[in-house]
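Structural overview for review
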Amino acid sequence: MTEVAAWAAGDWPLRTDLLRNEADAYIVSARVAEVQPLLTRCPPWTVHDVTRHLAATFHRYVELLRRSRTGDFRPPFAPEDLAEENLRAVREFSGDPIAVACEEVARFISLAVDPAEPMINQRGTIPVGLQVCFGINEFAIHHDDVAAARGSSYRPSDEVVEVIRQAWKALTGGKTPPSGTDQWRWILEKSGR
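Report on the accompanying structure. As the structure is a prediction and not an experimental result, all values here were calculated from the model. (Residues numbered from 1 in each chain as written. Predicted model: local features only at pLDDT ≥ 70, side-chain atom pairs only at ≥ 80, totals over all residues. Heavy atoms only, no water.)

**Some points on the state of the cysteines**
Scanning the model with the defined rule gives 0 disulfides in all. Cysteine C42 remains unbridged, with the sulfur of C102 as its closest cysteine sulfur at 19 Å. (Disulfide = S-S within 2.5 Å.)

Following this line, the structure appears as structure tokens:
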């Protein structure tokens, strides 16, 4: 069996329920915001482009999990190439991004059955449960991006914030918000918002 990267090790929960909730909440917000070509905090992307990004990202998650199941654990690209990969995926995306995002999230959730199952990620081999947490992070943060484009903000439930905080703790080598800090604001700042 392939070993999980040390930074990603742990007992990650399989929170596909939270992933489904965050995806659904994002889609409702994106449908409203897509009426106008609103720019987001993710230049040069509009709300439509952010939804393309999420659809392409979850397609990548599905394909990487499937590939991992064949024993191919080669990273899809270098971690430092993530921004360029995201730009490329959005540029080359075709189809209805909302429909594709819904389909790809459903496919990923249907495949994600064992939280400890190893799968490849650009940072190495990680447990499926952590990849689900990264997916929750994607939808929650980009939901806030869409809300900001409309002049408001989004705050996920405390349960979602805690799941995302744990994922960020793994990504940042154990760093967590200082005591008394708004954890959601800390996560947004760490993500460049």
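This is not the end of the story, as more comes after the structure.
**Some thoughts on helix α2 (residues 47-69)**
Taking 1.5 Å per residue, 23 residues should reach 33 Å; α2 reaches 33 Å between its end C-alpha atoms and fits that length. A positive backbone phi angle near 95° is found at G71, which sits one or two residues after α2. (Helix = DSSP H or I, 4+ residues; strand = E, 2+ residues; numbered from the N terminus. Expected span 1.5 Å × (residues − 1).)

**As for the side chain of E138**
Among the structural elements, E138 can be located in helix α5 (residues 128-149). No salt bridge is formed by the buried E138; the nearest opposite charge belongs to R60, separated by 6.6 Å. Polar contacts involving the side chain of E138 include one to the side chain of H53, which spans 2.8 Å. Residue contacts for E138: discarding those within four places in its chain leaves H53, L54 and Y61. (Buried < 20%, exposed > 50% of the residue type's maximum accessible area, 1.4 Å probe, protein only. Lys, Arg positive; Asp, Glu negative; His and termini not counted. Salt bridge = Lys/Arg side-chain N within 4 Å of Asp/Glu carboxyl O. Polar contact = N/O pair within 3.5 Å; in protein donor to acceptor, adjacent residues only side chain to side chain. Contact = heavy atoms within 4.5 Å.)

**A closer look at the pattern of salt bridges**
Scanning the entire structure with this criterion turns up 18 salt bridges. The closest approach of N and O atoms between E104 and R107, which form a salt bridge, is 2.9 Å. In this pair, E104 and R107 are both assigned in helix α4 (residues 97-111), 3 residues apart and thus about one turn of the helix distant. A relative accessible area of 7% places E104 in the buried class. What makes R107 partly exposed here is its relative accessible area of 25%. The shortest N-O distance in the salt bridge between D145 and R193 comes to 2.7 Å. Here R193 lies in the segment after α7 (183-190) and D145 lies in helix α5, a separation of 48 residues in the sequence.

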